[in-house]
Amino acid sequence: MSAVALPEIPPARARGESLWRKAARKFARDRLGMVALGVVLAYFVAAVGVWLGWWAMGWPDLTGTKWEAVSGTHWFGTNIIGQDIFDRAIYSTATAFEVGLIVALVATAIGAILGGFAGFFAGTWIDEVLVWLMGVLDAIPFYLFVAAVAYALTDNPWAMHVAMISTFWVGTGRLIRGEVIKLRGMEYVEAAHSIGVPEVVIIFRHILPNTSHILLVQASVMFVGAIKAEVILSFLGLGIKDGMSWGLMIDESTKEVLAGFYNNFLAASLLMFGLVMAFNAVADALQDALDPRKVG
Amino acid sequence: MAGDAAAPVLRVRDLSVEFVTEEGVIRAVDRVSFDVQPNETLGIVGESGCGKTVTGLSILRLIPMPPGRIAGGSIELNGRDLVPLPDGEIEDIRGRDISMIFQEPMTALNPVFTIGSQMADVLCRHRDLTRRQARVVAAELLAKVNIPAPASRLDDYPHQLSGGMRQRVMIAMALSCNPQLLIADEPTTALDVTTQAQVLQQISALQAEFRMAVILVTHDLGVVAETCQRAVVMYCGSIVEAGDVASLFSQPRHPYTAGLLASIPRLRAERLAELPVIPGRVPDLLNLPAGCRFADRCPRVQERCRMERPTLAGTGTGGSLVACHYPL
Amino acid sequence: MEILQYALRKLLGGLPLIVGVTLVSFALMVYFGPDMTYLLLGKNPTPEQILEVRQQLGYDQPFLQRYLGFLREIVTLDFGVASTGEPVTALLAKTIPVSLILILPGFILGHVVGLLMALAAAYWRGRWLDKLIMAVAVTGMSISFLIVIIGFQIVLSSSDGLDLFPVRGWNSTSLGSYLTYVTVPTLATMFVALGYETRFYRSIIVEEMSRDHVRTARAFGLPESRIFFRNILKNCLIPIITRIMFSIPQVAIGGALLIESYFGIPGVGKATYEAIITGDQPVLKAVVSLTAILFVLVVVLTDILYRAVDPRVTIE
Ligand SMILES: Nc1ncnc2c1ncn2[C@@H]1O[C@H](COP(=O)(O)OP(=O)(O)OP(=O)(O)O)[C@@H](O)[C@H]1O
Ligand code: SF4
Ligand SMILES: [Mg+2]
């Protein structure tokens, strides 16, 4: 109807801000999401304490005898050679955060940049090469690929991280590519283009900031994925080399479990389950809060 | 609304529909009342978002619940209230006694079933036919809506038809059980101008042939002038003016109706000149003003308008009703 | 005939993918992979012997040449002999069937049960059953595959648990022994997939439920259950098919790798894992190329299936 004024197109920044403010309000009202966020923060505090050297420093020490039961000195008992399981589990929390954060952040960054380029240059050879690369990485089964990378970089402590990052970015890359293709047609992008703003500036200043909600959700999904993959890779002997992790604890525990001693297995699995579950819930709440269909 | 004929087909009284959203409860339809007489075409007009579609959908109880709910009022089909009816009984009425066609012919049909199969679904649901018989009837119906080579079209999928054709298929489906009332929700908005005219003519012609009443939802006053006998004008979920089309057009009483009329170009030459439009914006349904909802945009606004909400009342002239303290 | 041409065209279109997969695999597993010179040499080799072996293995040639050699062997299906002395084709013929009968039941159950749970959740969406199913799904997603395996093993196979099934190993000589060995891996595979599948299927079904044509069907009085099980489900088939087809390569290698290594089952996953660890190139070559071909076949087959279920998809 002619009587209705067309809404003017808001600048990128303003749209972003109102989206985030609305999302934050929605998230704060999501009770389950908030509880889960609290749990994640508690884990994070445990990890920070390890990084600062406040606790769990005695994880490699032989402080007891084989398979001690739960007690005041050994809260989760001791393992097959008499190390304190509680200390090892807490120390592993820090490892989990290290792996999760590094993989999530780097893979998200790569996914955003390559996905952004592919989307912005959709229809050109740049896009075709990037889409081909994503297809190739998707076509190689994950564990086969990770095992191969881990092995190619034998003895390199970052092998596992590299392997995960080089496969995890693909999902984000595809999502961002699609979103950028959508955004590319928006008026403000075309306007920037027409007044001669360089393409790289358009991508990084005008387009990618508008995909930040996707990036946040993707990063949280990858954080969980990395922690879960670490456990399996460490078990296969392709994961953490120096230090301690839930994966190594579970690997260690497979022998103990058959002998009927479960403390090591339970400590690692329950702690890991708690973090992954809470993080999954946070990711879900984030996704709900950021869903443009529900916010708009 | 004071209908002069005997019994109306549909009698809507004080219908209110609400949506429960994160931000609060939206009352999309607020105490709406109107009658539809047999064989007449009633227009529902108003700007986007004023509640036309929700009104149409709630007659068939098709609004999604939750978040929607019918917050009050009655919808009587031949004297039988549909609001408290159990689900099974309203299902029987849908497509048999009351049919509805939608704005978007592109998406309204199921993409993975043939036209014939979708029509047969409806025919077999309400009439005692085998699938084979239903196909024959479906082809006849397609012929009625001027689809060439109807029998061979039955095996086409929706994507093989143009928008206008799909809307005709929808009309054919809607007529398949001889309904007493057809609700057409902006049936031509998505079509190009020539197809629009054809589809509207088709609806008018079939209305006479099938002897049914039609509710035509539109925001195009030109369409109302051509096809409707009576019309209601909605603003922000309520009716602001109602009456027969002739007097509504020649003598609008509500400032909003007058504004709408002033905003349609009457002659082609006039299109060149600036069109008078109603300044201002529709208020947010979550933040409605206390008094008249049109007050912020009304050229005749007075102190009283902001304090007290006007109710729909007869004006003395004919059967028109208007909700305004200071009608034209 | 038409469909055959279409399939052939699609297969050709998959060539860049095969080139990519083999290139990446070659680079990782062979070029940067473990050096096998000393594996083939006796104790205290002379420098000449070392040089000779390196030449034999092609280590002195440039990247491209070695990659082309790798490709040539794949094209001619000349996979050679594994480090155990067994011909690779014989090794694959022995291990692939084991993996198939090991993984298939859990794979099918995971998708079928996931779809059923998703249907129930979507049909009663917003009600308590939906919430319960989705809570179970998220919980399932949060448990590591490894923990699931060990958990099932403790509960079903250990003397502290029910002690119903063998702890590890494999025997498929009779149906009875097959069933006893396959149960725990099957339950673990199914359980791990369940959460993801349920969530995925529910989200596509719920999305389909909000489409305009569903409202049309309702507006014409079609019964709710018929709309759900016929009109909506048929529209969901494309994403369902995509999901199932594309998880085949992942499960065939990835799932088998962990399950087989853990339970000591002589399937292709375990063989692959051992080949990676020991740098057994002939085996890797075979597995990688077969995986790439499997993936392209999946892509082609999926495209053909699309045509069967969605009239909008046509062969150009
Ligand atoms: N499912 C829903 N949830 C929440 N609010 C809704 C929903 N459906 C409709 N509404 C609200 O009801 C109001 C009326 O919508 P309706 O679709 O009836 O308008 P309309 O007059 O048909 O407009 P248009 O000309 O654009 O079709 C809108 O403001 C909308 O916000
Ligand atoms: S009541 Fe007042 S503000 Fe409302 S339409 Fe009438 S004159 Fe205008
Ligand atoms: Mg509408």
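Please read these numbers as outputs of a predicted model, since none were measured by experiment.

## Thoughts on the overall build of chain A
Along its length, chain A carries 12 helices and 0 strands. Listing every helix and strand of chain A by position from the N terminus yields α-α-α-α-α-α-α-α-α-α-α-α. The dimensions of chain A, computed from C-alpha atoms along their principal axes, are 80 × 45 × 30 Å. Expressed as a percentage of its 296 residues, the buried residues of chain A come to 53%. By sequence separation, contacts in chain A at least 24 residues apart represent 70% of the contacts at least 6 residues apart. Split by element, the accessible area of chain A, about 13,200 Å² in all, is 67% carbon and sulfur. A distance of 10 Å separates the average location of the 20 positive side-chain charges in chain A from that of its 24 negative side-chain charges.

## Thoughts on the packing of helix α4 (residues 115–126) of chain B against helix α7 (residues 163–175) of chain B
Residues and elements named next belong to chain B. At a minimum axis separation of 9 Å, α4 and α7 run at an interaxial angle of 25 degrees. Judged by the inter-axis angle, α4 sits roughly parallel to α7. For α4 against α7, the interelement crossing comes out right-handed. Each of Ile 115, Gln 118, Met 119 and Val 122 in α4 lies in contact with α7, whose residues at this interface are Val 169, Ala 172 and Met 173.

## So, empty space enclosed by the protein
What the rule picks out here adds up to 7 cavities of 30 Å³ or more. Size it by volume and the largest cavity reaches roughly 110 Å³. Surrounding the largest cavity, 13 residues form its lining, Gln 118 and Met 173 of chain B together with Ala 217, Leu 222 and Asn 231 of chain C being those nearest its centre. Those elements that place two or more of their residues in the lining of the largest cavity are α4 of chain B together with α10 (212–219) and α11 (224–263) of chain C. The class makeup of the residues in the lining of the largest cavity is 6 nonpolar, 5 polar and 2 charged.

## Observations concerning the pattern of salt bridges
Applying the stated criterion across every chain, the model contains 34 salt bridges over all chains. Measuring nitrogen to oxygen at the nearest pair gives 2.9 Å for the salt bridge that ties Glu 197 of chain C to Arg 243 of chain C. Separated by 46 residues along the polypeptide, Glu 197 of chain C in helix α9 (residues 175–209) and Arg 243 of chain C in helix α11 bring together distant segments of the chain. Salt-bridge contacts for Glu 207 of chain C lead to Arg 211 of chain C; the nearest nitrogen and oxygen are separated by 3.8 Å. Taken together, the shared-partner salt bridges in this structure form one network comprising Glu 18, Arg 27, Asp 30, Arg 69, Arg 293 and Arg 309 of chain B.

## Observations regarding the nonpolar core
If you look at the biggest cluster of nonpolar residues, it comprises 137 residues, and the most contacted ones within it are Met 164 and Trp 246 of chain A. Ranked by residue count, the leading element in this core is helix α11 (residues 263–290) of chain A, at 15 residues. Mapped onto the domain boundaries, this core takes at least three residues apiece from domain 1 (2–76) and domain 2 (96–279) of chain C. Every residue in contact with Met 164 of chain A, bar those within four places of it in the chain, is listed here: Val 99, Val 103, Ala 226, Ala 229, Glu 230 and Leu 233 of chain A. Judged by nonpolar contacts, the second largest core, of 99 residues, contains Leu 141, Val 224 and Leu 261 of chain B together with Ala 219 of chain C.

## A closer look at the side chain of Ser 142 of chain C
If you trace the backbone, Ser 142 of chain C turns up in the loop between α7 (128–141) and α8 (145–157). With residues near it in sequence (within four places) discarded, Ser 142 of chain C still touches Phe 273, Val 276, Met 277 and Asn 280 of chain A.

## So, the pairing of strand β1 (residues 10–20) of chain B
Residues and elements named next belong to chain B. Across 8 bridges, the pairing between β1 and strand β2 (residues 25–36) is antiparallel. The residue of β2 that forms the bridge with Phe 19 is Ile 26. Here β1 folds back onto β2, and the loop between the two strands holds 4 residues, one of which, Gly 24, carries a positive phi near 150 degrees. Both β1 and strand β4 (residues 68–77) contribute to a ladder of 8 bridges, which runs antiparallel. Each residue of the ladder has a partner; that of Val 17, found in β4, is Ile 70.

## Concerning the packing of aromatic side chains
Applying the stated criterion across every chain, the model contains 21 aromatic pairs over all chains. Taken together, a centroid distance of 5.3 Å and an interplanar angle of 80 degrees make the contact between Phe 120 of chain A and Phe 121 of chain A edge-to-face. Site record: aromatic cluster; members linked through ring pairs are Phe 44, Trp 51, Phe 97, Phe 223 and Phe 279 of chain A. Over the ring of Phe 200 of chain C we find Arg 243 of chain C; its NZ or CZ atom is 4.2 Å from the centre of that ring. Positioned above the aromatic ring of Tyr 6 of chain C is the side chain of Arg 307 of chain C, whose terminal nitrogen or guanidinium carbon lies 5.8 Å from the ring centre.

## A word on the site of ligand 2
His 254, Pro 255, Cys 292, Phe 294, Ala 295, Cys 298, Arg 300, Cys 305, Pro 310, Cys 324, His 325 and Tyr 326 of chain B make up every residue found near ligand 2. For the shell around ligand 2, the residue count by class is 9 nonpolar, 2 polar and 1 charged.

## Quick look at the side chain of Gln 167 of chain B
Residues and elements named next belong to chain B. Looking at where Gln 167 falls in the secondary structure, it is placed in helix α7. Of the residues examined, Gln 167 reaches a relative accessible area of 0% and is grouped as buried. Side-chain polar atoms of Gln 167 contact the backbone oxygen of Phe 102, separated by 2.9 Å. Non-local contacts of Gln 167, meaning those with residues more than four positions away in its chain, are made with Ile 101, Phe 102, Gln 103, Pro 105, Pro 187, Leu 191 and Val 199.

## Details of the interface of chain C and chain A
You'll often see interface size given as the accessible area lost when the parts meet. Counting from both sides, the interface comprises 44 residues of chain C and, opposite them, 38 residues of chain A. Taken together, both faces of the contact between chain C and chain A bury some 3,600 Å²; the carbon and sulfur share is 76%. For chain C, the biggest contributors to the area lost against chain A are Leu 28, Ser 142 and Ile 147 of chain C; these three give 15% of the whole. Applying the counting criterion to the chain C and chain A interface returns 1 salt bridge. The salt bridge partner of Asp 284 of chain A is Arg 199 of chain C, with a shortest N-O separation of 2.8 Å. Of all the secondary structure elements, the ones that give two or more residues to the side of chain C that touches chain A are α2 (15–31), α7, α8, α9, α11, α12 (268–278) and α13 (281–309) of chain C. Partitioning the side of chain C that touches chain A into residue classes produces 28 nonpolar, 13 polar and 3 charged.

## A few points about the domain arrangement of chain C
Partitioning chain C into domains gives domain 1 (2–76) and domain 2 (96–279). Inter-centroid distance (C-alpha atoms) of domain 1 of chain C to domain 2 of chain C is 35 Å.

## Brief notes about the sheet that holds β4 of chain B
One open sheet accounts for 4 strands, arranged β2-β1-β4-β5 (chain B); its pairing is antiparallel. The open sheet terminates on both sides in strands that have one partner only, identified here as β2 and β5 (80–81) of chain B.

## Some words on the site of ligand 1
All names here are of chain B. In the vicinity of ligand 1, 17 residues are found, and the nearest of them are Ser 48, Gly 49, Lys 52, Thr 53 and Val 54. Between ligand 1 and Glu 186, the relevant distance is 3.0 Å, taken from an oxygen atom to a side-chain nitrogen or oxygen of the residue. Across the complex, the protein chains shield 69% of the 630 Å² of accessible surface that ligand 1 would expose by itself. Across the shell around ligand 1, the residue classes tally to 7 nonpolar, 7 polar and 3 charged.

## Quick notes on the confidence of the model for chain A
When pLDDT is averaged along chain A, the result is 82, and 92% of the positions lie at 70 or above. A low-confidence stretch, residues 1–14 of chain A (pLDDT under 50), is modelled with 19 contacts involving residues beyond four sequence positions or located in other chains.

## Examining the sheet that holds strand β3 (residues 41–45) of chain B
Residues and elements named next belong to chain B. The strand order β6-β7-β8-β3-β9-β10-β12-β11 describes an open sheet built from 8 strands, whose pairing is mixed. In the strand order of this sheet, the two ends are held by β6 (98–101) and β11 (313–314), each with one partner. Note that β3 and strand β9 (residues 230–235) share 4 bridges and pair parallel. Residue Val 45 lies in a different strand from β9, and its bridge partner there is Val 233. In this fold α7 packs onto β6 and β7 (181–185), with an angle of close to 175 degrees to the strand it touches most, β6.

## Observations regarding the environment of Ser 83 of chain C
Residues and elements named next belong to chain C. You can see Ser 83 is positioned in the loop between α5 (63–75) and α6 (88–123). Accessibility expressed as a relative area gives 54% for Ser 83, which makes it exposed. Between the alpha carbons of Ser 83 and Gly 279 there is a distance of 9.0 Å; along the sequence they are 196 residues apart.

## A word on the environment of Phe 142 of chain A
Relative to the helices and strands, Phe 142 of chain A resides in helix α5 (residues 142–152). Along the sequence, Phe 142 of chain A and Ile 195 of chain A sit 53 residues apart, while their C-alpha atoms lie 44 Å from each other. Beyond its immediate sequence surroundings of up to four residues, Phe 142 of chain A is in contact with Thr 167, Phe 168 and Ala 229 of chain A together with Gln 250 of chain C.

So, how was this worked out
- Residues numbered from 1 in each chain as written.
- Chains lettered and ligands numbered in written order.
- Predicted model: local features only at pLDDT ≥ 70, side-chain atom pairs only at ≥ 80, totals over all residues.
- Heavy atoms only, no water.
- Helix = DSSP H or I, 4+ residues; strand = E, 2+ residues; numbered from the N terminus.
- Buried < 20%, exposed > 50% of the residue type's maximum accessible area, 1.4 Å probe, protein only.
- Contact = heavy atoms within 4.5 Å.
- Areas by Shrake-Rupley, 256 points an atom, 1.4 Å probe, with all protein chains shown as cover.
- Lys, Arg positive; Asp, Glu negative; His and termini not counted.
- Charge placed at Lys NZ, Arg CZ, Asp CG, Glu CD.
- Axes fitted to C-alpha atoms, helices over the stretch in contact; angles between N-to-C directions.
- Parallel < 35°, antiparallel > 145°, perpendicular 65-115°, else oblique.
- Left-handed = near helix turned anticlockwise from the far one by under 90°.
- 1 Å grid on protein atoms, 1.4 Å probe; cavity = no way out; pocket = protein on both sides within 12 Å on 5 of 7 lines; lining within 4 Å.
- Points joined across faces, edges and corners; volume = space filled by probe spheres on them.
- Nonpolar A, V, L, I, M, F, W, Y, C, P; charged D, E, K, R; others polar.
- Salt bridge = Lys/Arg side-chain N within 4 Å of Asp/Glu carboxyl O.
- Core = buried A, V, L, I, M, F, W, Y, C linked by side-chain atoms within 4.5 Å.
- Domains from an automatic or database assignment.
- Pairing = 2+ DSSP bridges.
- Phe/Tyr/Trp six-rings, centres within 6.5 Å; stacked < 30°, edge-to-face > 60°.
- Lys NZ or Arg CZ within 6 Å of the ring centre and 35° of its normal.
- Near = heavy atom within 4 Å.
- Polar contact = N/O pair within 3.5 Å; in protein donor to acceptor, adjacent residues only side chain to side chain.
- Buried area = accessible area lost by both parts, 1.4 Å probe.
- pLDDT = per-residue confidence, 0-100.

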